[in-house]
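# Reading the structure
Letter by letter, the chains look like this.
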Amino acid sequence: MPRNGSERAGAPPATAPLGIYVHFPFCSVRCTYCDFPTVAGRDDRIETYLDALIAEIDSFQPDAEGAADTIFFGGGTPSRMSPQSAARVLAAIRGRFDVSDDAEITLEGNPESLTAETLSGFRGAGITRISVGVQSLDDAVLRLVGRAHDARSAARAVALAREAGFDEVSLDLIAGLPGEDLDAWPDTVRAAAALRPDHVSVYL
């Protein structure tokens, strides 16, 4: 019988790879557009939160079998945790789940907290990919939505990530932010491309 595209090309794998998401809700400021569960100005609670997070990881009963090939630290601003804390969480994950040797381990970070020191520390902790929260490369828009960085520091964060040895660097952009001139959006895209990221995520 001729194939029409609806048939399976082959049997599905016995166990599909797992993806693990770790939420870190702490930020330096709360941006005007954000609707994620985050808090600003409560860094004194970070270690208590991480203790609870690790306790939850330790007690988790997975429904699926298989090795995790992606781990993603999202937020919030995960780059506000210390590299030592990131290593501690990763150790808890590896103690509870089977993690592939070549797993992609991403940490989201904002430019103001991605320093040469922290990036080197995150690399040593086992992070393999950095996702930089650029959002816009228009300083006026960044100020209007409450971001704590400017376009220059965003570019600097990307360069520092490369210098720290990260082969995979991603950028987050948001289209249609308050105060943004959509006629200038192509300029933002070109400026982002000029940073030579390996991946760009665009959100509305």
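Shown above is the structure to which this text applies.
Bear in mind that the values here come from a model prediction, so they are computed numbers and not experimental data. (Residues numbered from 1 in each chain as written. Predicted model: local features only at pLDDT ≥ 70, side-chain atom pairs only at ≥ 80, totals over all residues. Heavy atoms only, no water.)

Counting its secondary structure elements, the chain contains six helices and eight strands. Seen in sequence order, the chain has helices and strands lined up from the N terminus as β-β-β-α-β-α-β-α-β-α-α-β-α-β. Put simply, the chain has 204 residues, and 42% of those count as buried. When the accessible surface of the chain is totalled, it reaches about 11100 Å², and 52% of it is carbon and sulfur. (Helix = DSSP H or I, 4+ residues; strand = E, 2+ residues; numbered from the N terminus. Buried < 20%, exposed > 50% of the residue type's maximum accessible area, 1.4 Å probe, protein only. Areas by Shrake-Rupley, 256 points an atom, 1.4 Å probe, with all protein chains shown as cover.)

Charged atoms that come close allow side chains of opposite charge to pair. For the structure shown, the criterion picks out seven salt bridges. In this structure, the salt-bridge partner of Asp-44 is Arg-42, at a minimum N-O distance of 3.5 Å. When its relative accessible area of 55% is taken as the criterion, Asp-44 is described as exposed. The shortest N-O distance in the salt bridge between Arg-80 and Asp-43 comes to 2.4 Å. Pair noted here: Arg-80 is in the loop between strand S4 (68-75) and helix H2 (83-96) and Asp-43 is in the loop between strand S3 (39-40) and helix H1 (46-59), with a separation of 37 residues, a long-range link. Assessed through its relative accessible area of 33%, Asp-43 is described here as partly exposed. Connected through salt bridges with shared partners, the residues Glu-47, Asp-51 and Arg-88 form a single ionic network. (Salt bridge = Lys/Arg side-chain N within 4 Å of Asp/Glu carboxyl O.)

The strand order across the open sheet formed by six strands is S1-S4-S5-S6-S7-S8, and the pairing between neighbours is parallel. Of all the strands in the sheet, the pair left with one neighbour each is strand S1 (18-24) and strand S8 (199-203). Between one strand and the next, the sheet's axes are offset by a mean angle of 20°, whatever the strand orientation. Alignment of S1 against S4, held across seven bridges, turns out to be parallel. Within the sheet, the bridge partner assigned to Ile-20 lies in S4 and is Ile-71. (Pairing = 2+ DSSP bridges. Axes fitted to C-alpha atoms, helices over the stretch in contact; angles between N-to-C directions.)

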